[in-house]
Amino acid sequence: MKVLVIGSGGREHAICTKLKESKLVSKIYCAPGNAGIANVATLVDSKPMDFLSIVDFSKREEIDLVVVAPDNPLAGGLVDILNANDIKAFGPTKRAAEIEGSKAFSKSFMKKYGIPTADYAVFNKYEAAKDYLDKVEKFPIVLKADGLAFGKGVIIAHDKVSAQNSLENMMLSKVFGDAANTVIIEEFLEGPEMTLLCFTDGKTVSAMPSSQDHKKAFDGDKGLNTGGMGAFSPAKAYTPQVEKEIMENIVKKTIDGLNKENRTFKGVLYFGLMATASGVKVIEYNARFGDPETQAILPLLESDLCEIMLATIDGTLNNIDIKWKNKVGFSVVVASGGYPENVIKGYEIEILPLDEDLILYHAGTKESNGKLYTNGGRVFNLSVVADSIDEARKKVYSNIDKIKFTGARYRSDIGIK
Ligand code: AMP
Ligand code: GLY
């Protein structure tokens, strides 16, 4: 099969790497990809939101499967458009992907189907939101842009003044553009966070090993929210009892609810969860593989990823037994100096030889005249499969300084908490 993967980050590098192991796949393309992905796939010069160019390329090259990895093209309906052109695509339709694309929708969905989540209120007028905030007495409080905002649309405000300022920035100054035309104000939850990614064909759910992301920019969960600075699998809070609670109370209700709403979900459904004192609650849904969770989890997959993807499309996931290594998956992001606020790109990269069992995924790199340059906020993911978190930490952190570029930085506490 000829497979085209849409996207350009570490997640897409991990997906392409796994697809390359598939006995079904003869050729991999990636649009637009990055310098590392170029080692496993042929890069295609199409942007993820340029749907016409992706459809044209897929027809011309007789692509058998398109894997849509990032949020924006899923929310924009790329899967629907590919399907309308008789091209097989992995990922949810636009209607199903709205579970990620609109937080106002996902909150009302959870309320309707009794899925535990933070209490909230939705506003599409600044004055009403401001009046509501004036009356709030308990802080912190959480403000969320309704739409997609590059993983940065969530503000945790610790007092009234900063909450009012954030609200103004979102609804009046439009720092997130139209994504914050509607704002959700919600209760602050506390407890360990975890991520559960599930393959689903809309009927059968096959959970991947649990994982834990690290969203804050700096050690000790300090600084701004980022797309994620590192991840490991399995999550420490994901005990068998918690697993049972999540499956019954959250995963099953979500899949059933989406079917009832005529939004049958096929692809990877991402549950961002928090184990609070009053049970596990949903922080957010994503309609796709997480980044960087995927770079920690996919190295654990023993089964054929392409076969799994085809089964989610064909509705035959119940027929396959997905096997995972019973090990720890671990991944740390090497980011550009100013990430997530001020990213300067274009620094030359030098990589000294890494120990053999390490996996280096490129997230934001570019090649020019045989040299490697930084080309994004998150530049690399250094991953490993190990027998324990301690062993994984030792392996990654004893190698990570071999990746050298001006301003390179990483969190040194992934896996400690
Ligand atoms: P989201 O983009 O919705 O996943 O939010 C980004 C991050 O903000 C989450 O991973 C949490 O760490 C934090 N967060 C979001 N909502 C809440 C909440 N209601 N209470 C506490 N933290 C939250
Ligand atoms: N790791 C968070 C995300 O993929 O949105």
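Now for a description of the structure that goes with this document. (Residues numbered from 1 in each chain as written. Chains lettered and ligands numbered in written order. Predicted model: local features only at pLDDT ≥ 70, side-chain atom pairs only at ≥ 80, totals over all residues. Heavy atoms only, no water.)

**A closer look at the overall build of the protein**
Counting its secondary structure elements, the protein contains 12 helices and 24 strands. Here the C-alpha radius of gyration of the protein, 21 Å, is about what a compact globule of 417 residues would show, namely 22 Å. Projected onto its principal axes, the C-alpha positions of the protein cover 60 × 45 × 45 Å. A fraction of 68% describes how many contacts in the protein between residues 6 or more apart in sequence connect residues 24 or more apart. Summed over its atoms, the accessible surface of the protein is roughly 17700 Å², and 49% of this surface lies on carbon and sulfur atoms. Taken together, the 52 basic and 55 acidic charged side chains of the protein have centroids lying 1 Å from each other. (Helix = DSSP H or I, 4+ residues; strand = E, 2+ residues; numbered from the N terminus. Rg over C-alpha atoms; globule rule 2.2 N^0.38 Å. Contact = heavy atoms within 4.5 Å. Areas by Shrake-Rupley, 256 points an atom, 1.4 Å probe, with all protein chains shown as cover. Lys, Arg positive; Asp, Glu negative; His and termini not counted. Charge placed at Lys NZ, Arg CZ, Asp CG, Glu CD.)

**With respect to the environment of Val 251**
Considering the arrangement of structural elements, one finds Val 251 in helix H9 (residues 240-260). Along the primary structure Val 251 and Cys 198 are separated by 53 residues, whereas in three dimensions their C-alpha atoms are 8.9 Å apart. Those residues within four positions of Val 251 in sequence are excluded, and the remaining contacts are Leu 196, Val 205, Ile 246 and Phe 271.

**Things to note about the site of ligand 1**
The local shell around ligand 1 holds 15 residues, among which Glu 186, Glu 187, Leu 189, Glu 193 and Glu 284 are the closest. Separating an oxygen atom of ligand 1 from a side-chain N or O atom of Lys 103 is a distance of 3.2 Å. The contact in question runs from a nitrogen atom of ligand 1 to an N or O atom on the side chain of Glu 186, over 2.7 Å. Coverage of ligand 1 by the protein chains reaches 94% of its 470 Å² of free accessible surface. Listed by contribution, the elements that provide at least two residues to the shell around ligand 1 are strand S7 (141-145), strand S8 (154-157), strand S9 (183-187) and strand S17 (279-286). Residues that form the shell around ligand 1 fall into these classes: 7 nonpolar, 1 polar and 7 charged. (Near = heavy atom within 4 Å. Polar contact = N/O pair within 3.5 Å; in protein donor to acceptor, adjacent residues only side chain to side chain. Nonpolar A, V, L, I, M, F, W, Y, C, P; charged D, E, K, R; others polar.)

**Structural notes on the nonpolar core**
Within the largest apolar cluster, 47 residues are counted, with the highest numbers of intra-cluster contacts made by Leu 4, Met 194 and Ile 246. At 6 residues, H9 tops the list of elements feeding residues into this core. Setting aside its immediate chain neighbours within four residues, Leu 4 contacts Tyr 29, Cys 30, Ala 31, Val 44, Ile 54, Phe 57, Ser 58, Ile 63, Leu 65, Val 66 and Val 67. In terms of nonpolar packing, the next biggest core, distinct from the first, is built from 37 residues, Ala 14, Ile 15, Cys 16 and Tyr 361 among them. (Core = buried A, V, L, I, M, F, W, Y, C linked by side-chain atoms within 4.5 Å. Buried < 20%, exposed > 50% of the residue type's maximum accessible area, 1.4 Å probe, protein only.)

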